[in-house]
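If you want the building blocks of each chain, they are given just below.
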Amino acid sequence: LGAGGLEGRPLGEGAMTAALQTLSRFKRLAESRRVEDIVAVATSAVREAPNGGDFLAAVASQTGIQARVITGVEEASLIHTAAVHGIDVGTGKAVVIDIGGGSTEITLGTAAGVQLAKSFRLGVIRLGERFVTSDPLGGGDERRMVRHIRHELGDYPRVLARSGYTRVIATS
């Protein structure tokens, strides 16, 4: 959904059409399974797009799904909860890293809850559109991207390391 539409640019018509078709298919599948409630949230691409509200209105009118925009921290907390539900972390702490298209969320917490949660504007689509000029990735592009990632993360990796954890879970 965010391809070509990040950094304050509007969501593209093609991306919105594809997303609406996908949501329509998901809704039909849910209805065939007699799902009572559909909960939908919008993340980085819709959060930042000047036409994000228009897209959500189209989702509601064309599918009947009432999606709501969530913050990056809400996104991080939901991802953490899902990850530690799916992977047993026991009584230890886990770092959960979720790499999306527009953002990457990194949390620290236990099975019982999140202690630290941050969202970074470091999604794969965003980074690719900004830094990748060749395939395979050139050395100069890679160095610029790594410098940018380190700058955006700041001290957060050291804060996580000092806090201690027993597991890292990566999702995408």
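Residues numbered from 1 in each chain as written. Predicted model: local features only at pLDDT ≥ 70, side-chain atom pairs only at ≥ 80, totals over all residues. Heavy atoms only, no water.

Asker: Mind laying out the environment of Thr43, listing which residues take part and the relevant values?
Answerer: Here Thr43 is to be found in the loop between strand 1 (40-42) and helix 2 (44-48). Along the backbone, Thr43 and Gly128 are 85 residues apart, and their C-alpha atoms lie at a distance of 18 Å. (Helix = DSSP H or I, 4+ residues; strand = E, 2+ residues; numbered from the N terminus.)

Asker: I'd love a proper account of the sheet that holds strand 4 (residues 104-109), names of residues and values included.
Answerer: If you trace the four strands from one edge of the open sheet to the other, you get 5-4-3-6, paired in mixed fashion. Only two strands of the sheet have a single neighbouring strand rather than two, namely strand 5 (114-120) and strand 6 (167-171). Along the sheet, successive strands turn relative to each other by an average axial angle of 15°, direction set aside. Two strands pair when backbone bridges link them, and strand 4 and strand 5 are joined in this way by six bridges, in the antiparallel orientation. Considered in strand 5, the bridge of Gly109 is made with Val114. Its contacts with the sheet place helix 4 (residues 72-86) against strand 3 (94-99), strand 4, strand 5 and strand 6, and it is angled at close to 60° to strand 4. (Pairing = 2+ DSSP bridges. Axes fitted to C-alpha atoms, helices over the stretch in contact; angles between N-to-C directions. Contact = heavy atoms within 4.5 Å.)

Asker: Summarise the packing of aromatic side chains; cite the residues concerned and give the values.
Answerer: The geometry of an aromatic ring pair is captured by two quantities: the separation of the ring centres and the angle between the planes. Here the structure, examined in full by the defined rule, presents one aromatic pair. Centroid distance Phe120 to Tyr156: 5.5 Å. Interplanar angle 55°. Geometry classified as tilted. In this pair, Phe120 is assigned in strand 5 and Tyr156 in helix 7 (residues 156-163), connecting sequence segments 36 residues apart. Taken individually, Phe120 and Tyr156 each receive the classification buried, so the pair is uniform in this respect. (Phe/Tyr/Trp six-rings, centres within 6.5 Å; stacked < 30°, edge-to-face > 60°. Buried < 20%, exposed > 50% of the residue type's maximum accessible area, 1.4 Å probe, protein only.)

Asker: I'd like to hear about the pattern of salt bridges, residue by residue, with values.
Answerer: All chains considered together, the criterion is met by eleven salt bridges. The partner of Glu129 in a salt bridge is Arg9, and the shortest N-O contact between them spans 3.2 Å. Residue Glu129 is located in helix 5 (residues 124-131), and its partner Arg9 is located in the segment before helix 1 (13-32); the two are separated by 120 residues in the primary sequence. Judged by its relative accessible area of 38%, Glu129 is partly exposed. Arg9 gets classed as partly exposed once you look at its relative accessible area, which sits at 36%. (Salt bridge = Lys/Arg side-chain N within 4 Å of Asp/Glu carboxyl O.)

Asker: A description of the environment of Ala40 should follow, citing residues and the corresponding values.
Answerer: The topology assignment puts Ala40 in strand 1. By relative accessible area, which is 16% here, Ala40 ends up buried. Along the sequence, Ala40 and Gly64 sit 24 residues apart, while their C-alpha atoms lie 11 Å from each other. If we skip the residues at most four places from it in the chain, Ala40 touches Ile65, Gln66, Ala67 and Arg68.

Asker: Lay out the side chain of His80 with the relevant residues and their values.
Answerer: You can see His80 is positioned in helix 4. Overall, the relative accessible area of 1% leaves His80 in the buried class. Not counting the four nearest positions on each side in its chain, His80 is found in contact with Ala94, Val96, Thr107, Leu108, Gly109, Thr110, Gly113 and Val114.

Asker: Describe the packing of helix 5 against helix 6 (residues 139-153), naming the residues involved and giving the relevant values.
Answerer: In the contact formed by helix 5 and helix 6, the axes pass within 10 Å of each other and the chain directions differ by 130°. With respect to their mutual orientation, helix 5 and helix 6 come out oblique. Where helix 5 crosses over helix 6, the handedness of that crossing is right-handed. On the side of helix 5, the interface is formed by Leu127, Arg130 and Phe131, while helix 6 contributes Asp141, Arg144, Met145, His148 and Ile149. The class makeup of the residues in the contact of helix 5 with helix 6 is four nonpolar, one polar and three charged. (Parallel < 35°, antiparallel > 145°, perpendicular 65-115°, else oblique. Left-handed = near helix turned anticlockwise from the far one by under 90°. Nonpolar A, V, L, I, M, F, W, Y, C, P; charged D, E, K, R; others polar.)

Asker: Any details on unusual backbone geometry? Residues and values, ideally.
Answerer: Omega for the peptide link from Asp135 to Pro136 comes to 10°, which places this bond in the cis form. By the secondary structure assignment, Pro136 is in the loop between helix 5 and helix 6. Although it is not a glycine, Glu7 adopts a positive phi angle of roughly 60°. Positionally, Glu7 belongs in the segment before helix 1. Backbone geometry places Arg34, a non-glycine residue, at a positive phi of 60°.

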